[in-house]
Amino acid sequence: MLFKLIIVSAAFVAACAGSAVAAPSNTTLPSGWTWQAVGTGSYDTGPQGTPRGGGNGQTTGPFTDTSFGVMDEPGTPWFTGGDVSAQQYVQRQIFGNFGTGSPPGPAGFRNYNFGYGGTSAGSNFPRSATEQRQVSLNHWNNTAPDAGGIATFGQIVRVPVAARLEVGLGWGADQMLLKVIGGGNTGRSKFFVDATIGAGFFTSAFGGIASTGNSIRVNAIVEGNNAGSGSYDIAWGFNASNASGNPTVGRSGGIDAVFVEGQFVAEPSAGLTANSVGYSFTKSYNVLSSLVQSGGTFNLTYSALADIITLNRDFGNADARASMGPGYEGTARLVVEWAEFRAVPTPGAAALLGLGGVMAFRRRH
């Protein structure tokens, strides 16, 4: 399972273009002086993303996998079982416990459950799993702040005129398979799967910013031939095609929906591979009023969950196990636009003072 989701970020626009720029307000000018605008600049952290993992046995980058359970992978081979939270799948079975393959060899495998969420090693993965990842960004360190006091000749002051925190979030699942188990050599069985994959983010910086209520809901109706004494897989994800073109074997209906902050926005993206679901968005937050100008770092925490809520058999004799491999990724970027000013004597006032001095000199003589 290799869940890889790319987030397309919105372009940054200089917020100060074409608008008036306020001069320093805290630093006091001597009488007859003015603030001279001398330029503009910007601070940009660049886009930073949550950690990724590697493929089976991969110990060196670049790492591209955003699946659940990859947090510790950059330092260790895939995966020894020491990190019991490293669950790449969630699964739910109606009657039995089909279990997974044998424990991994030297290369490691992702399809073995070492025991997590109330399950035992070698059994089905748990029906739900959660993940949490972080991105750390540096605040802007303004080396010439509008900090107060009386300005000196030529003093430079930088005033922020725009500040945006751009946060991207992408989440979903792939390898959405329904394993039909047993049921005899004749007849068919029909199943209903209800699953959700959710994600959100939070930071205490800038007075607190959060996004919740983001979810993909998948309701799939799946019908297939009984598996005899064996088993086989049917796809149940978005755009899942019928097996071998047989309309009686495969996904025959259901509803897929994406909610962003509690509001319906779309069906899951068809840009991912078949038999998967996914969605991404980027939000821009104006943080000028709460901007930190003294440096330091802040964190954005991204959380995700995946849950196969329901798996029911509508008719037939076969058992079934629903599986999916969830994943998610967060990105963040801070951009500050600033204007630079220099403290100088007012040119007009200086000229008048000079002229007045000459006139006075002439009157005295």
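Values in this document were obtained by computation on a predicted structure and should not be read as measured data.

### Regarding the overall build of the chain
Item 1. The helix and strand tally for the chain stands at 1 helix and 13 strands.
Item 2. Classification of the 365 residues of the chain by burial places 44% in the buried group.
Item 3. Taking the contacts inside the chain whose residues are at least 6 apart along the sequence as the reference set, 81% of them involve residues at least 24 apart.
Item 4. For the chain, the exposed surface amounts to about 16700 Å²; the carbon and sulfur share of it is 53%.

### Topic: the layout of surface pockets
Item 1. If you add up the space inside the largest pocket, you get close to 210 Å³.
Item 2. For the largest pocket, the lining is made up of 13 residues, of which Tyr89, Gln91, Asn111, Arg321 and Ser323 are closest to its centre.
Item 3. When residues of the lining of the largest pocket are traced back to their parent elements, those giving at least two are β5 (156-181) and β13 (319-345).
Item 4. Take the lining of the largest pocket: its biggest share by element is 3 residues, from β5.
Item 5. Class assignment of the residues belonging to the lining of the largest pocket gives a composition of 3 nonpolar, 7 polar and 3 charged.

### So, the sheet that holds strand β9 (residues 250-260)
Pairing between the strands of a sheet comes from backbone hydrogen bonds, and it takes one of two forms, parallel or antiparallel.
Item 1. Spatial ordering of the open sheet is given by β4-β12-β6-β7-β9-β10, a layout of 6 strands whose pairing is antiparallel. Here the strands that pair on one side only, and so sit at the sheet edges, are β4 (128-138) and β10 (263-266). Here the average twist between neighbouring strands, direction ignored, is 20 degrees.
Item 2. Where β4 and strand β12 (residues 297-315) come together, 11 bridges link them in antiparallel fashion. Counted as the bridge partner of Arg133 is Tyr302 from β12.

### Some words on the confidence of the model for the chain
Item 1. Here the chain shows a mean pLDDT of 83. Residues at 70 or above account for 78%.
Item 2. Below a pLDDT of 50 lies the segment residues 8-19, which in the model reaches 14 contacts outside its immediate sequence neighbourhood of four places, other chains included.
Item 3. Taken together, the stretch residues 350-365 has pLDDT below 50 and engages in 0 contacts with residues farther than four places along the chain or on a different chain.

### Side note on the packing of aromatic side chains
Item 1. A complete count under the given rule lists 9 aromatic pairs for this structure.
Item 2. The interplanar angle of 45 degrees and the centroid separation of 5.7 Å between the aromatic rings of Tyr89 and Phe125 together place this pair among those described as tilted. In this pair, Tyr89 is assigned in the loop between β2 (48-49) and β3 (90-93) and Phe125 in the loop between β3 and β4, connecting sequence segments 36 residues apart. The same class applies to Tyr89 as to Phe125, namely buried.
Item 3. Between Phe201 and Tyr302, the ring centres sit 6.0 Å apart and the planes meet at 50 degrees, which makes this aromatic pair tilted. Here the residue Phe201 occupies a position in strand β6 (residues 188-203), and Tyr302 occupies one in strand β12, the gap between them amounting to 101 residues. Summarising the burial analysis for this pair, Phe201 and Tyr302 share the class buried.
Item 4. Taken together, the ring pairs connect Trp171, Tyr279 and Phe281 into an aromatic cluster.
Item 5. Its end group placed over the ring of Trp338, Arg158 keeps NZ or CZ at 4.7 Å from the ring centre.

### Comments concerning the environment of Trp33
Item 1. Here Trp33 lies in strand β1 (residues 33-44).
Item 2. Taking the relative accessible area as the measure of exposure, Trp33 reaches 24% and is therefore partly exposed.
Item 3. Considered as a pair, Trp33 and Pro345 are 312 residues apart in the sequence and their alpha carbons are 3.9 Å apart.
Item 4. Those residues within four positions of Trp33 in sequence are excluded, and the remaining contacts are Thr152, Phe153, Ala343, Val344, Pro345 and Thr346.

### Describing the nonpolar core
Item 1. Counting residues in hydrophobic clusters, the biggest one holds 56 residues, and the most contacted among them are Leu165, Trp171, Trp236 and Met324.
Item 2. Sort the elements by how many residues they give to this core and β5 lands first, with 9 residues.
Item 3. Excluding residues that lie within four positions of it along the chain, Leu165 makes contacts with Leu137, Phe206, Ile209, Lys283, Ser284, Tyr285, Val287, Phe298, Leu300, Arg333 and Leu334.
Item 4. Counting residues in each nonpolar core, the second largest holds 7 residues, with Ala151, Val157, Val159 and Ala343 among its members.

### A few points about the pairing of β9
Item 1. Examined bridge by bridge, strand β7 (residues 209-225) and β9 share 9 bridges and lie antiparallel to one another. Bridge pairing links Val222 to Arg251 in β9.
Item 2. With 3 bridges connecting them, β9 and β10 associate as antiparallel partners. Counted as the bridge partner of Val258 is Ala266 from β10.
Item 3. In this antiparallel pair of consecutive strands, β9 and β10, the connection spans 2 residues, and Glu261 shows a positive phi of 50 degrees.

### Structural notes on unusual backbone geometry
Item 1. One non-glycine residue, Phe206, lies in positive phi territory at about 60 degrees.
Item 2. Structurally, Phe206 can be placed in the loop between β6 and β7.

### Side note on the pairing of β13
Item 1. The buried fraction of β13 is high, at 24 of 27 residues.
Item 2. Across 11 bridges, the pairing between β1 and β13 is antiparallel. Residue pairing in the sheet places Asp44 in a bridge with Val335 of β13.
Item 3. The pairing of β5 with β13 spans 23 bridges and is antiparallel. From the neighbouring strand, Val167 faces β13, where its bridge partner is Ala332.

The rules behind each value
Residues numbered from 1 in each chain as written. Predicted model: local features only at pLDDT ≥ 70, side-chain atom pairs only at ≥ 80, totals over all residues. Heavy atoms only, no water. Helix = DSSP H or I, 4+ residues; strand = E, 2+ residues; numbered from the N terminus. Buried < 20%, exposed > 50% of the residue type's maximum accessible area, 1.4 Å probe, protein only. Contact = heavy atoms within 4.5 Å. Areas by Shrake-Rupley, 256 points an atom, 1.4 Å probe, with all protein chains shown as cover. 1 Å grid on protein atoms, 1.4 Å probe; cavity = no way out; pocket = protein on both sides within 12 Å on 5 of 7 lines; lining within 4 Å. Points joined across faces, edges and corners; volume = space filled by probe spheres on them. Nonpolar A, V, L, I, M, F, W, Y, C, P; charged D, E, K, R; others polar. Pairing = 2+ DSSP bridges. Axes fitted to C-alpha atoms, helices over the stretch in contact; angles between N-to-C directions. pLDDT = per-residue confidence, 0-100. Phe/Tyr/Trp six-rings, centres within 6.5 Å; stacked < 30°, edge-to-face > 60°. Lys NZ or Arg CZ within 6 Å of the ring centre and 35° of its normal. Core = buried A, V, L, I, M, F, W, Y, C linked by side-chain atoms within 4.5 Å.

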